[in-house]
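Structural overview
One-letter residues, chain by chain:
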Amino acid sequence: RRFLFKLLVPTFFGFLVAGRASGPSMIGYDADQPQTFLSGAEVEQAKSLAMGSAVTKGWKIVDSSGNRLLVRRALPPTADSAPGGTVEVQTDFFQRNEGVDVVVKASVISRGEKGEKNTDYTESYREPLNQSLYSLRRSWDENRSRIASATPPLPTKVAEPEGGDSQDALPGTQAE
């Protein structure tokens, strides 16, 4: 009985922790937003692919910190939008054991007499957002081996100098 108990308890907690880390209970994850899954991807790979795609399509990268990418583009002047308005797309990347969930939402920022107004347009832009996500997934599927091999290694510790003072540095650089 003790052996069985010692075997089952750690296994149970392992499944519990793994399930919490990879399930939709992740902070900030919204299952109702347009999304796709990139099988076998890492966040940095998915984000790099999304950034390259956005830039080639005329988007300006506003923020790419953490697991988020924020891009903007000016709206063409029409009867429906105020002059000087911009569309902003926020992309969040959620790492799971099997790959990365990519979740997007869109908003329109318009300038008026009372300042900037930020309006959620995710539902209105759902179809174009889904098309962009499909294109991202297709690009990942077609280029994943090339992207994975092109991802640079993370910075490593430089060998400790004789003085005993070590510092972090990028490979191929010298610590000062």
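Above this text you will find the structure in question.
Rules used throughout
Residues numbered from 1 in each chain as written. Predicted model: local features only at pLDDT ≥ 70, side-chain atom pairs only at ≥ 80, totals over all residues. Heavy atoms only, no water. Helix = DSSP H or I, 4+ residues; strand = E, 2+ residues; numbered from the N terminus. Contact = heavy atoms within 4.5 Å. Salt bridge = Lys/Arg side-chain N within 4 Å of Asp/Glu carboxyl O. Buried < 20%, exposed > 50% of the residue type's maximum accessible area, 1.4 Å probe, protein only. 1 Å grid on protein atoms, 1.4 Å probe; cavity = no way out; pocket = protein on both sides within 12 Å on 5 of 7 lines; lining within 4 Å. Points joined across faces, edges and corners; volume = space filled by probe spheres on them. Pairing = 2+ DSSP bridges.

**Concerning the environment of Ala106**
Assignment of secondary structure puts Ala106 in strand β5 (residues 99-112). On a C-alpha basis, the gap between Ala106 and Thr122 in space is 4.6 Å, while along the polypeptide they are 16 residues apart. Apart from residues no more than four positions distant in its own chain, Ala106 is found in contact with Glu88, Val89, Thr119, Asp120, Tyr121, Thr122, Tyr125 and Leu129.

**A closer look at the pattern of salt bridges**
With the rule as written, the count across this model stands at six salt bridges. Arg126 serves as the salt-bridge partner of Glu123, at 2.5 Å between the closest nitrogen and oxygen. Since its relative accessible area comes to 23%, Arg126 is described here as partly exposed. Between Glu142 and Arg138 there is a salt bridge, with the nearest N and O atoms lying 3.9 Å from each other. A residue pair is termed a helical-turn pair when its members lie 3 or 4 positions apart in one helix, as Glu142 and Arg138 do in helix α3 (residues 126-150) at four residues. By relative accessible area, which is 58% here, Glu142 ends up exposed.

**Quick notes on the side chain of Thr122**
Considering the arrangement of structural elements, one finds Thr122 in the loop between β6 (115-120) and α3. Each residue touching Thr122, except ones within four places of it in the same chain, is listed here: Gln33, Pro34, Val104, Lys105, Ala106 and Leu129.

**Focus: the layout of surface pockets**
In this model, the largest pocket occupies a volume close to 640 Å³. Taken together, 30 residues line the largest pocket, and the ones lying closest to its centre are Lys57, Trp59, Val89, Leu129 and Ser132. Elements that contribute at least two residues to the lining of the largest pocket include exactly α2 (43-56), β3 (68-74), β4 (86-96), β5 and α3. With nine residues, the top contributor of residues to the lining of the largest pocket is α3.

**Some details on the pairing of β5**
Most of β5 sits out of view: ten of its 14 residues are buried. Pairing analysis gives eleven bridges linking β4 to β5, with the strands arranged antiparallel. In the sheet register, Gln90 faces β5, and the bridge partner there is Lys105. Hairpin connection between β4 and β5: a loop of two residues separates the two successive antiparallel strands. Bridge analysis of β5 against β6 gives six bridges, and the strand direction is antiparallel. Following the sheet pairing, Arg111 is matched in β6 by Glu116. With antiparallel pairing between neighbouring strands as the criterion, β5 and β6 make up a hairpin whose turn holds two residues.

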